[in-house]
Amino acid sequence: MINQDNGNIKINDKPIINQNSDFDSINKMNLGEKQEVDNVGSDWISLEIKNLKTSGFYFNITFRFLKKYLKEVSLVLSEEKFDSKDNWSNWNEQEEREKIKFYQKWIEKEIGIETEFNWGNIWVGYDAKGGSSSICLRYK
């Protein structure tokens, strides 16, 4: 899905996504079951993709654009479909932190142990304020 050499993202039979992709081109791909746009201001726009099935997993992906061009990608993945009814009442910090190990193994299988590349970097993180874990990719 993620090309280690150039940071390209390949999703099923869709065109390649990379740091040269703009908001309109990714938005028109109609990825996943649901797409939501968040215009956060100050030249940043987010496109959230829900329950995209590829490579044997379900993904919730957030593409973040600066001045309409892709700068960051956040990935959350699961072997099972995400439940749109999930909320804070069934959230568990320990379970959320356990996802870090799963995501790290996925990255190592996908691109190896390297995290810094000529095109950008990739890491797994836990956001204590937001209460979530994710894989983050940032283009230079």
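Residues numbered from 1 in each chain as written. Predicted model: local features only at pLDDT ≥ 70, side-chain atom pairs only at ≥ 80, totals over all residues. Heavy atoms only, no water.

Q: Would you mind showing me how to read the packing of aromatic side chains here?
A: By convention here, two paired aromatic rings are described through the distance between centres and the angle between planes. In the structure shown here, the tally under the stated rule is 7 aromatic pairs. Between Phe23 and Phe65, the aromatic rings sit 5.4 Å apart at their centres with planes inclined by 85 degrees, giving edge-to-face as the arrangement. Residue Phe23 is found in helix α1 (residues 23-27), and its partner Phe65 is found in strand β3 (residues 57-66); the two are separated by 42 residues along the sequence. With a relative accessible area of 8%, Phe23 lands in the buried category. Residue classification places Phe65 among the buried positions, given a relative accessible area of 0%. Geometrically, the ring pair formed by Phe57 and Phe59 is edge-to-face, given 6.4 Å between the ring centres and 75 degrees between the ring planes. (Phe/Tyr/Trp six-rings, centres within 6.5 Å; stacked < 30°, edge-to-face > 60°. Helix = DSSP H or I, 4+ residues; strand = E, 2+ residues; numbered from the N terminus. Buried < 20%, exposed > 50% of the residue type's maximum accessible area, 1.4 Å probe, protein only.)

Q: Please clarify how the environment of Asn51 should be interpreted in this entry.
A: Assignment of secondary structure puts Asn51 in strand β2 (residues 44-54). With 19 residues separating them in the primary sequence, Asn51 and Gly32 have C-alpha atoms 5.2 Å apart. Apart from residues no more than four positions distant in its own chain, Asn51 is found in contact with Gly32, Glu33, Tyr58, Phe59, Asn60, Lys81 and Phe82. Separated by 2.8 Å, the side chain of Asn51 and the backbone nitrogen of Phe82 make a polar contact. (Contact = heavy atoms within 4.5 Å. Polar contact = N/O pair within 3.5 Å; in protein donor to acceptor, adjacent residues only side chain to side chain.)

Q: Any chance you could explain the pairing of strand β4 (residues 69-78) here in plain terms?
A: In the case of a regular strand, side chains alternate between the two sheet surfaces. With 7 of 10 residues buried, β4 lies mostly within the body of the structure. With 9 bridges joining them, β3 and β4 adopt antiparallel strand pairing. For Arg64, the partnering residue across the bridge sits in β4 and is Glu72. Counting the residues between successive antiparallel strands, the hairpin from β3 to β4 contains 2 residues, one of them, Lys67, with a positive phi of roughly 50 degrees. In the sheet, β4 pairs with strand β7 (residues 132-139) via 4 bridges, with the strands oriented antiparallel. Residue pairing for β7: Glu72 is matched across the bridge by Arg138. (Pairing = 2+ DSSP bridges.)

Q: In this structure, what is going on with the pattern of salt bridges? I would like to understand it.
A: Between side chains of opposite charge, a pair can form when the charged atoms approach closely. Per the counting criterion, the structure on display carries 7 salt bridges. Put simply, Lys50 and Glu48 hold a salt bridge, and the shortest N to O gap is 3.4 Å. The class for Glu48 is partly exposed, based on a relative accessible area of 23%. The partner of Glu96 in a salt bridge is Lys99, and the shortest N-O contact between them spans 3.1 Å. (Salt bridge = Lys/Arg side-chain N within 4 Å of Asp/Glu carboxyl O.)

Q: Looking at this model, I keep getting lost on the nonpolar core. Mind explaining?
A: For soluble globular proteins, nonpolar side chains are generally found buried alongside one another. In terms of nonpolar packing, the biggest core is built from 33 residues, with Ile61, Phe63 and Trp106 touching the most fellow members. Of all elements in the fold, only α1, β2, β3, β4, α2 (93-111), β6 (120-127) and β7 reach the threshold of two or more residues within this core. With 5 residues, the top contributor of residues to this core is β3. When near neighbours in sequence (up to four residues on either side) are disregarded, Trp106 contacts Met1, Ile2, Phe57, Phe59, Leu75, Leu77 and Ile135. (Core = buried A, V, L, I, M, F, W, Y, C linked by side-chain atoms within 4.5 Å.)

Q: Would you take a moment to explain the sheet that holds β3 for this structure?
A: Strands pair in a sheet through their backbones, by hydrogen bonds, and they do so in one of two ways: parallel or antiparallel. Taken in spatial order, the 7 strands make up an open sheet running β1-β2-β3-β4-β7-β6-β5, and their pairing is antiparallel. The open sheet terminates on both sides in strands that have one partner only, identified here as β1 (34-41) and β5 (116-117). In this sheet, β3 lies alongside β2 in antiparallel orientation, the contact comprising 9 bridges. Residue Glu48 lies in a different strand from β3, and its bridge partner there is Thr62. The strands touched by α2 within the sheet are β3, β4, β5, β6 and β7, with β6 carrying the most contacts at an inclination of about 165 degrees. (Axes fitted to C-alpha atoms, helices over the stretch in contact; angles between N-to-C directions.)

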